[in-house]
Amino acid sequence: METEFNIDGPDKRLAALARIGGAHLLLALVLVIGARWLEDGLPTPALVLALAAGFISTTFIHEWFHLTGARLSGGSYTIPRRLGLFTYDWDFAKNSLNQFYLMSLAGSLGSVAGIALFWINANNSAVGFAMLAGSWASLGFAATIEWPVLWRTVHSGDPYGELAKINGRVLLASLSISAMSGTLAWWLLQG
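These remarks concern the structure in this document. (Residues numbered from 1 in each chain as written. Predicted model: local features only at pLDDT ≥ 70, side-chain atom pairs only at ≥ 80, totals over all residues. Heavy atoms only, no water.)

The end-to-end C-alpha separation of helix α6 (residues 168-190) is 33 Å, in line with the 33 Å expected for 23 residues at 1.5 Å each. Among all positions of α6, only Ser-174, Ser-178, Gly-182, Ala-185 and Leu-189 are buried. Summarising the contacts, the buried residues of α6 are in contact with α2 (43-72), α3 (97-120) and α4 (126-156). For α6, the side-chain oxygen to backbone nitrogen distance between the N-cap and Arg-169 is 3.0 Å, and the N-cap itself is Asn-167. (Helix = DSSP H or I, 4+ residues; strand = E, 2+ residues; numbered from the N terminus. Expected span 1.5 Å × (residues − 1). Buried < 20%, exposed > 50% of the residue type's maximum accessible area, 1.4 Å probe, protein only. Contact = heavy atoms within 4.5 Å. Polar contact = N/O pair within 3.5 Å; in protein donor to acceptor, adjacent residues only side chain to side chain.)

In C-alpha coordinates form, the structure reads like this:
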(Lines give C-alpha, C1' and ligand atoms only; values in the text may rest on other atoms or scores of the structure.)
Protein backbone atom coordinates (compact mmCIF):
# COMPACT_ATOMS: atom_id res chain seq x y z
CA MET A 1 0.00 0.00 0.00
CA GLU A 2 1.32 3.46 -0.91
CA THR A 3 1.81 5.59 2.20
CA GLU A 4 3.79 8.49 0.77
CA PHE A 5 2.96 10.94 -1.96
CA ASN A 6 4.04 14.27 -3.35
CA ILE A 7 1.86 17.15 -2.30
CA ASP A 8 1.62 19.70 -5.08
CA GLY A 9 1.68 23.36 -4.25
CA PRO A 10 3.09 25.19 -1.24
CA ASP A 11 -0.30 25.62 0.45
CA LYS A 12 -1.06 21.88 0.46
CA ARG A 13 2.47 21.02 1.54
CA LEU A 14 2.28 23.57 4.36
CA ALA A 15 -1.11 22.23 5.44
CA ALA A 16 0.22 18.66 5.54
CA LEU A 17 3.26 19.72 7.56
CA ALA A 18 1.04 21.73 9.91
CA ARG A 19 -1.09 18.62 10.49
CA ILE A 20 1.98 16.52 11.31
CA GLY A 21 3.50 19.29 13.44
CA GLY A 22 0.22 19.78 15.31
CA ALA A 23 0.03 16.08 16.14
CA HIS A 24 3.67 16.03 17.29
CA LEU A 25 3.18 19.15 19.42
CA LEU A 26 -0.05 17.85 20.94
CA LEU A 27 1.52 14.54 21.97
CA ALA A 28 4.60 16.28 23.40
CA LEU A 29 2.44 18.71 25.40
CA VAL A 30 0.19 15.95 26.74
CA LEU A 31 3.24 14.03 27.97
CA VAL A 32 5.00 17.05 29.49
CA ILE A 33 1.89 18.49 31.13
CA GLY A 34 0.77 15.05 32.30
CA ALA A 35 4.13 14.39 33.95
CA ARG A 36 4.08 17.78 35.69
CA TRP A 37 0.46 17.30 36.75
CA LEU A 38 1.18 13.90 38.33
CA GLU A 39 4.44 15.07 39.90
CA ASP A 40 3.12 15.71 43.42
CA GLY A 41 0.44 13.04 43.78
CA LEU A 42 1.80 10.09 41.79
CA PRO A 43 5.59 10.41 41.56
CA THR A 44 6.33 7.03 39.93
CA PRO A 45 3.86 7.41 37.03
CA ALA A 46 5.04 11.02 36.69
CA LEU A 47 8.65 9.86 36.26
CA VAL A 48 7.67 7.27 33.65
CA LEU A 49 5.64 9.88 31.76
CA ALA A 50 8.51 12.37 32.09
CA LEU A 51 11.01 9.90 30.59
CA ALA A 52 8.62 9.33 27.69
CA ALA A 53 8.09 13.09 27.33
CA GLY A 54 11.81 13.76 27.08
CA PHE A 55 12.47 10.88 24.69
CA ILE A 56 9.52 11.46 22.36
CA SER A 57 9.74 15.27 22.33
CA THR A 58 13.47 15.22 21.57
CA THR A 59 12.87 12.63 18.85
CA PHE A 60 10.25 14.92 17.28
CA ILE A 61 12.64 17.89 17.46
CA HIS A 62 15.33 15.70 15.89
CA GLU A 63 13.03 14.83 12.98
CA TRP A 64 11.95 18.44 12.41
CA PHE A 65 15.61 19.47 12.31
CA HIS A 66 16.17 16.75 9.70
CA LEU A 67 13.41 18.39 7.66
CA THR A 68 15.02 21.81 8.16
CA GLY A 69 18.32 20.37 6.92
CA ALA A 70 16.51 18.88 3.91
CA ARG A 71 15.00 22.27 3.09
CA LEU A 72 18.25 24.19 3.65
CA SER A 73 20.12 21.77 1.40
CA GLY A 74 17.55 22.21 -1.37
CA GLY A 75 16.78 18.51 -1.09
CA SER A 76 13.93 16.65 -2.72
CA TYR A 77 11.46 14.88 -0.46
CA THR A 78 7.80 13.93 -0.11
CA ILE A 79 5.37 14.51 2.75
CA PRO A 80 3.79 11.48 4.47
CA ARG A 81 0.10 10.84 3.92
CA ARG A 82 -0.34 9.41 7.42
CA LEU A 83 0.57 10.85 10.78
CA GLY A 84 3.64 9.30 12.32
CA LEU A 85 7.12 9.99 13.56
CA PHE A 86 8.65 11.07 10.26
CA THR A 87 7.95 14.50 8.78
CA TYR A 88 9.11 13.66 5.25
CA ASP A 89 10.48 10.94 3.00
CA TRP A 90 13.94 11.66 1.54
CA ASP A 91 14.38 11.07 -2.19
CA PHE A 92 17.75 9.31 -2.41
CA ALA A 93 17.74 9.24 -6.23
CA LYS A 94 17.38 13.02 -6.62
CA ASN A 95 19.63 14.25 -3.79
CA SER A 96 23.40 14.59 -3.64
CA LEU A 97 25.71 13.30 -0.92
CA ASN A 98 26.24 16.84 0.39
CA GLN A 99 22.48 17.30 0.68
CA PHE A 100 22.27 13.99 2.56
CA TYR A 101 25.04 15.05 4.96
CA LEU A 102 23.41 18.41 5.72
CA MET A 103 20.01 16.80 6.26
CA SER A 104 21.53 14.10 8.48
CA LEU A 105 23.69 16.37 10.62
CA ALA A 106 20.76 18.74 11.16
CA GLY A 107 18.95 15.94 13.00
CA SER A 108 21.80 15.61 15.50
CA LEU A 109 21.66 19.36 16.08
CA GLY A 110 17.95 18.90 16.76
CA SER A 111 18.71 16.33 19.45
CA VAL A 112 21.13 18.76 21.09
CA ALA A 113 18.43 21.48 20.90
CA GLY A 114 15.98 19.10 22.60
CA ILE A 115 18.46 18.41 25.39
CA ALA A 116 19.05 22.15 25.82
CA LEU A 117 15.29 22.78 25.99
CA PHE A 118 14.83 20.20 28.74
CA TRP A 119 17.96 21.39 30.54
CA ILE A 120 16.59 24.94 30.71
CA ASN A 121 13.24 23.65 32.00
CA ALA A 122 14.46 20.97 34.42
CA ASN A 123 13.59 23.19 37.44
CA ASN A 124 15.84 21.07 39.67
CA SER A 125 13.02 18.53 40.09
CA ALA A 126 12.91 14.75 39.68
CA VAL A 127 10.35 15.05 36.85
CA GLY A 128 12.47 17.70 35.12
CA PHE A 129 15.56 15.49 35.44
CA ALA A 130 13.60 12.50 34.09
CA MET A 131 12.59 14.54 31.03
CA LEU A 132 16.23 15.54 30.56
CA ALA A 133 17.37 11.92 30.94
CA GLY A 134 14.75 10.93 28.35
CA SER A 135 16.15 13.53 25.95
CA TRP A 136 19.66 12.10 26.39
CA ALA A 137 18.24 8.62 25.75
CA SER A 138 16.73 9.92 22.51
CA LEU A 139 20.12 11.25 21.40
CA GLY A 140 21.74 7.92 22.30
CA PHE A 141 19.21 6.03 20.20
CA ALA A 142 19.47 8.30 17.16
CA ALA A 143 23.26 8.58 17.30
CA THR A 144 23.74 4.82 17.50
CA ILE A 145 21.69 4.41 14.33
CA GLU A 146 22.63 7.50 12.32
CA TRP A 147 26.30 8.23 13.05
CA PRO A 148 27.58 4.85 11.81
CA VAL A 149 25.50 5.33 8.64
CA LEU A 150 27.12 8.74 8.11
CA TRP A 151 30.60 7.31 8.72
CA ARG A 152 30.08 4.42 6.31
CA THR A 153 28.54 6.75 3.71
CA VAL A 154 31.70 8.88 3.73
CA HIS A 155 33.53 5.78 2.52
CA SER A 156 30.90 4.13 0.31
CA GLY A 157 29.10 7.17 -1.13
CA ASP A 158 25.85 5.18 -0.86
CA PRO A 159 23.56 6.51 1.91
CA TYR A 160 20.61 4.35 0.85
CA GLY A 161 22.74 1.21 0.88
CA GLU A 162 24.15 2.08 4.29
CA LEU A 163 20.68 2.75 5.73
CA ALA A 164 19.55 -0.62 4.38
CA LYS A 165 22.06 -2.25 6.74
CA ILE A 166 19.98 -1.22 9.75
CA ASN A 167 18.47 -4.44 11.08
CA GLY A 168 17.06 -5.83 14.29
CA ARG A 169 20.51 -6.24 15.83
CA VAL A 170 21.30 -2.56 15.17
CA LEU A 171 17.96 -1.48 16.63
CA LEU A 172 18.51 -3.63 19.73
CA ALA A 173 22.00 -2.15 20.19
CA SER A 174 20.51 1.33 19.76
CA LEU A 175 17.91 0.63 22.43
CA SER A 176 20.67 -0.58 24.77
CA ILE A 177 22.77 2.55 24.18
CA SER A 178 19.64 4.65 24.60
CA ALA A 179 18.87 3.03 27.97
CA MET A 180 22.48 3.47 29.11
CA SER A 181 22.51 7.12 27.98
CA GLY A 182 19.29 7.88 29.83
CA THR A 183 20.40 5.99 32.95
CA LEU A 184 23.79 7.73 33.02
CA ALA A 185 22.15 11.14 32.56
CA TRP A 186 19.68 10.36 35.39
CA TRP A 187 22.49 9.20 37.68
CA LEU A 188 24.63 12.29 36.96
CA LEU A 189 21.67 14.64 37.48
CA GLN A 190 20.84 13.08 40.85
CA GLY A 191 24.44 13.45 42.11
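After presenting the structure, the write-up continues.
With that settled, the discussion passes to unusual backbone geometry. Most peptide bonds are trans, and most residues other than glycine sit at a negative phi. Phi at Asn-123 takes a positive value of approximately 55 degrees, unusual for a residue other than glycine. Counting through the fold element by element, Asn-123 comes out in the loop between α3 and α4. Positive phi values are uncommon outside glycine, yet Asn-124 reaches one of about 50 degrees. Examined against the element boundaries, Asn-124 turns out to sit in the loop between α3 and α4. Since its relative accessible area comes to 68%, Asn-124 is described here as exposed.

A word on the environment of Tyr-88. Following the sequence through the fold, Tyr-88 ends up in the loop between β2 (77-80) and β3 (89-90). It is 6.8 Å that separates the C-alpha atoms of Tyr-88 and Leu-67, two residues lying 21 residues apart in sequence. Not counting residues within four places of it along the chain, the set of residues in contact with Tyr-88 comprises Glu-63, His-66, Leu-67, Ala-70, Tyr-77, Thr-78, Pro-80 and Met-103.

Turning our attention to the nonpolar core. Among the nonpolar cores identified, the biggest contains 16 residues, and Ala-35, Ala-50, Val-127, Met-131 and Leu-132 are the most heavily contacted of them. Of all the elements in the fold, those that place two or more residues in this core are α1 (10-38), α2, α3 and α4. Here this core takes six residues from α4, the largest share from any one element. Contacts of Ala-50, omitting those with residues within four sequence positions, involve Ala-35, Val-127, Ala-130 and Met-131. With 14 residues, the next largest nonpolar core counts Leu-17, Trp-90, Phe-100 and Tyr-101 among its residues. (Core = buried A, V, L, I, M, F, W, Y, C linked by side-chain atoms within 4.5 Å.)

With that settled, consider α4. A rise of 1.5 Å per residue sets the reference length of α4, with its 31 residues, at 45 Å; its end C-alpha atoms lie 45 Å apart and thus fit the reference within 8%. At Ala-143, α4 shows its maximal bend, which comes to roughly 35 degrees. Once α4 ends, the next one or two residues include Gly-157, with phi positive near 70 degrees. (Bend = angle between axes of the 7 residues up to and from the residue.)

One pass over the full model with this rule turns up six aromatic pairs. Both rings, one in Tyr-88 and one in Trp-90, keep their centres 6.5 Å apart while their planes meet at 80 degrees; by these two values the pair is edge-to-face. Just as Tyr-88 is buried, Trp-90 falls in that class too. (Phe/Tyr/Trp six-rings, centres within 6.5 Å; stacked < 30°, edge-to-face > 60°.)

Attention now moves to the pattern of salt bridges. A full pass over the atoms with the stated rule returns four salt bridges. Linking Asp-91 and Lys-94 is a salt bridge whose minimum nitrogen-to-oxygen distance equals 4.0 Å. Two residues, Glu-162 and Lys-165, come together in a salt bridge whose shortest N-O distance is 3.0 Å. (Salt bridge = Lys/Arg side-chain N within 4 Å of Asp/Glu carboxyl O.)

This brings us to the environment of Asp-89. Within the secondary structure, Asp-89 is located in strand β3. Judged by relative accessible area, Asp-89 falls into the partly exposed class, the value being 36%. As a C-alpha pair, Asp-89 and Gly-128 span 39 residues in sequence and 33 Å in three-dimensional space.

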